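# Architecture at a glance
Listed below are the residues making up each chain.
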Number of protein chains: 2
Amino acid sequence: MSKRRITIKDVSALAGVSVSTVSRVLNASGPISEETRKAVMDAAAELKYQPNLLARGLVKNQLGGVGVLIPWLGGPFFCSFLEGVQDVIRDTPFRLVISSEQAQKAREHDALTYLLENDADGVIYYGDSLRPEDIAEINPQDKPVVLLGQPRTEAHPCVTIDDEVGAFLATRYLLDNGHRQIAHITGEASQHVTETRLGGYRRALSQAGVPFDGRLVFHADYTEQGGYRSVQQLLGRGVDFTAVFCSNDQMAIGAYQALREFNKRIPEDVSVVGFDDISFAQYMHPTLTTVRVPIRNMGSVAARMVIDLIEGREAEHPTLEAELVIRRSVKRL
Amino acid sequence: MSKRRITIKDVSALAGVSVSTVSRVLNASGPISEETRKAVMDAAAELKYQPNLLARGLVKNQLGGVGVLIPWLGGPFFCSFLEGVQDVIRDTPFRLVISSEQAQKAREHDALTYLLENDADGVIYYGDSLRPEDIAEINPQDKPVVLLGQPRTEAHPCVTIDDEVGAFLATRYLLDNGHRQIAHITGEASQHVTETRLGGYRRALSQAGVPFDGRLVFHADYTEQGGYRSVQQLLGRGVDFTAVFCSNDQMAIGAYQALREFNKRIPEDVSVVGFDDISFAQYMHPTLTTVRVPIRNMGSVAARMVIDLIEGREAEHPTLEAELVIRRSVKRL
DNA sequence: ATGAAAGCGCTAACAA
DNA sequence: TTGTTAGCGCTTTCAT
């Protein structure tokens, strides 16, 4: 057990060259004659040499990790997102370092500071409690931080999805199907997603000449429970409605449950539309009409972005499209 | 930008002591007079000194990470598991390094090697393609590797759940409700979970004097699609059955869908039981009776274990219990 | 109780 | 084209 690790020194000894020569061939830095190159490679292979990344990182001042800071680790949305990230990290020399802090600002602040300080050469931050100003402050080295879930800025690398259009499409679909009283269940008003999706909803309404009715809008928290409770309130409020547009699928799941408990049939009595298209959406009963967000792909795109940025390349700030997926939870009136 | 990072040297200068003294107070190693201790602490605080973990790791020969190697990152099960891991890692100085390789043996082999070599002082491995022998081989330093999803061994740290009993309880519940033709949808025969859950199913059957019928057993892959296709086959096979016991909830989700397509009502025509109790189980329609596995807790337990082991403490090899959660997907015959 | 110095494994000037 | 050497920031003998 605990055999001493093979170092560059062992390789240099076996190959009969100096350590710097070994370093040079391994990093393809500096000129090397073909024969020494081969000798070194052979020696390294024979000893199964693996460079010590700590040592390398220490001298090159790089940590070797890509950090991901997300609000939650559980839950279908961020899991898919992570999977997309891992899809690209896998083929790079970076390690994937993950942190999640329940979207609590102070904790996220500390976590990001720590990531930037000790773990990562760049991070993907999905959340909106920390704004670019906050981040600048805890990022003295100006490492790349890719933002998601925040308003688009040219000033900061970010990948956004077209929430507003997605919500617009969803709402318009309902309108096109004859619905006029469309409830909207969304998240906390302070969150950026909430705002944009609510915006799309309102735009569709106004474009169709349907007046906005504040009594039909509920602010929950993007969980199943939140959707459930909102529908309960809605039902208790005595306002007529024929459809519910939920700002994410998890709330739609809760909405289904509440509706069932009140013996409302979906979609015969109430139509429901979700947002995200998490995998469960297609297995709900009835299958959920929703707005597809390319979640996993967002992860991949974000990962490719940080890596490009870390390695000094330029990166676009893409806006990904959201698309309506029509299934069976909406009835034509 | 890119201000030079504060090092131990800066602190020593400001405190008017040597670097070794600073190191001593920071690590509480060696004797220190109270006044110098204070001086150093003050200086460190004033400069907001953060030790460079790379440098420290280099000399102490530790990587600073806890690795987690799981089959998939997406999917409700492993997400919850990860969340449990993160719950405990959060309060330790370790970073959480994640790797997922679709349960492919060769890739997992490489990933684990890499984790052990470069990223982690200990790893949590959930999977069964790599057996203890394989792991021993790629773990020359004998770092702690906690195993999940494998047969229990005293020889190796592991956390197991009582799958066999869980499956037994599920099957017996069906039997108690008068079911005699109980189909079982499970995973690949080679997997350990498959074997133990199938074992529990058979034991309950035999204990009730119901003969085992191989035509009722389907080997799928623990995905919704797998459950869906198995039920299709089952229905096509023309064998009578009144209940389906799925070896995980995701397959139960697929089973629901297939059953619906064939106009079989749940549970009036066919009863269904799942396994795991992922969060969706309670939102299915009808809500799914299933075997609750303390997924998130497993993650926490495993994390605490690696950390104990890394830090040289002893660790138990716990077996967690699985418990039947009765909901509405089973009909009393 | 404190400091000087060696060294962890590696890279990157600088010489040769 | 190659070797020598000086660090990267830290911990840890070994002196004092």
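Residues numbered from 1 in each chain as written. Chains lettered and ligands numbered in written order. Predicted model: local features only at pLDDT ≥ 70, side-chain atom pairs only at ≥ 80, totals over all residues. Heavy atoms only, no water.

### A short note on the protein's contact with DNA strand D
Just so we agree on the cut-off: Residues are classed as near a molecule or strand on a simple rule: at least one heavy atom within 4 Å of it. Any N or O atom pair separated by 3.5 Å or less is treated as a polar contact, with the protein-specific requirement of one donor-capable and one acceptor-capable atom, and with residues adjacent in sequence counted only for side-chain atom pairs. Here a helix means four or more residues in a row that DSSP labels H or I, a strand means two or more in a row labelled E, and each is numbered from the N terminus. Lys, Arg, Asp and Glu make up the charged group, whereas Ala, Val, Leu, Ile, Met, Phe, Trp, Tyr, Cys and Pro make up the nonpolar group; the residues left over, Gly among them, are polar.
In the vicinity of DNA strand D there are 24 residues, among which Ser20, Thr21 and Arg24 of chain A together with Ile8 and Tyr49 of chain B approach most closely. Near-protein atoms of DNA strand D (within 4 Å) split between backbone and bases, with sugar and phosphate holding 60%. Within the contact set of DNA strand D, a phosphate oxygen lies 3.1 Å away from a side-chain nitrogen or oxygen of Asn27 of chain B. Backbone polar atom of Asn52 of chain B to a phosphate oxygen of DNA strand D: 3.0 Å apart, as the coordinates give it. Those elements that provide at least two residues to the surface near DNA strand D are α2 (19-27) and α4 (53-60) of chain A together with α2 (19-27) and α4 (53-60) of chain B. Residue composition of the surface near DNA strand D, grouped by class: ten nonpolar, ten polar and four charged.

### As for the interface of chain A and chain B
Selection rule: Should any heavy atoms of two residues lie within 4.5 Å, those residues are considered in contact. Computed with a 1.4 Å rolling probe, the buried area is the accessible surface lost when two parts are put together, summed over both parts. Throughout this description, the term salt bridge denotes a Lys or Arg side-chain nitrogen within 4 Å of a carboxyl oxygen of Asp or Glu.
Contact residues are listed per partner, giving 52 residues for chain A and 51 residues for chain B. Ranking the residues of chain A by area buried against chain B places Leu54, Phe280 and Tyr283 of chain A at the top, with a combined share of 15%. Scanning the region where chain A abuts chain B turns up six salt bridges. As a salt-bridge pair, Glu117 of chain B and Arg5 of chain A come within 3.6 Å of each other at their nearest N and O atoms. On the surface where chain A and chain B come into contact, there are 20 residue pairs in polar contact (both at pLDDT 80 or more). Going through the elements one at a time, α4, α5 (76-89), β2 (95-100), α6 (105-119), α10 (224-237) and α11 (249-261) of chain A are the ones with two or more residues in the side of chain A that touches chain B. The greatest single-element share of the side of chain A that touches chain B, amounting to six residues, is contributed by β2 of chain A. Of the residues assigned to the side of chain A that touches chain B, the class counts are 22 nonpolar, 18 polar and twelve charged.

### With respect to helix α12 (residues 295-310) of chain B
Residue and element names in this part refer to chain B. Going by this rule: What a helix is expected to span follows from its residue count: subtract one and scale by 1.5 Å. Here the term buried applies to any residue with accessible area under 20% of the maximum for its type, exposed to any over 50%, and partly exposed to those in between, with areas from a 1.4 Å probe on protein chains only.
An ideal rise of 1.5 Å per residue puts 22 Å on 16 residues; α12 measures up with 23 Å between its terminal C-alpha atoms. Taken residue by residue, α12 has Ile295, Met298, Gly299, Ser300, Val301, Ala302, Ala303, Met305, Val306 and Ile307 as its buried positions. Where the residues of α12 are buried, they touch β1 (65-70), α5 (76-89), β3 (122-126), β4 (145-148), β5 (160-161) and β11 (319-320). A positive phi of about 85° marks Gly312, the residue just after α12.

### Focus: unusual backbone geometry
Cis geometry is found at the peptide bond from His285 of chain A to Pro286 of chain A, where omega equals -5°. Mapped onto the elements, Pro286 of chain A comes out in the loop between β9 (271-273) and β10 (290-292). The peptide bond linking Ile266 of chain B to Pro267 of chain B adopts the cis configuration, its omega dihedral lying at 0°. You can see Pro267 of chain B is positioned in the loop between α11 (249-261) and β9 (271-273). At Tyr222 of chain B, a position not held by glycine, the phi torsion is positive, near 65°.

### A short note on α10 of chain A
Residue and element names in this part refer to chain A. Between its first and last C-alpha, α10 extends 20 Å over 14 residues, near the 20 Å set by a 1.5 Å rise per residue. Burial in α10 covers these residues: Glu224, Gly226, Gly227, Tyr228, Ser230, Val231, Leu234 and Leu235. In the stretch just after α10, Gly238 is the one whose phi turns positive, near 75°.

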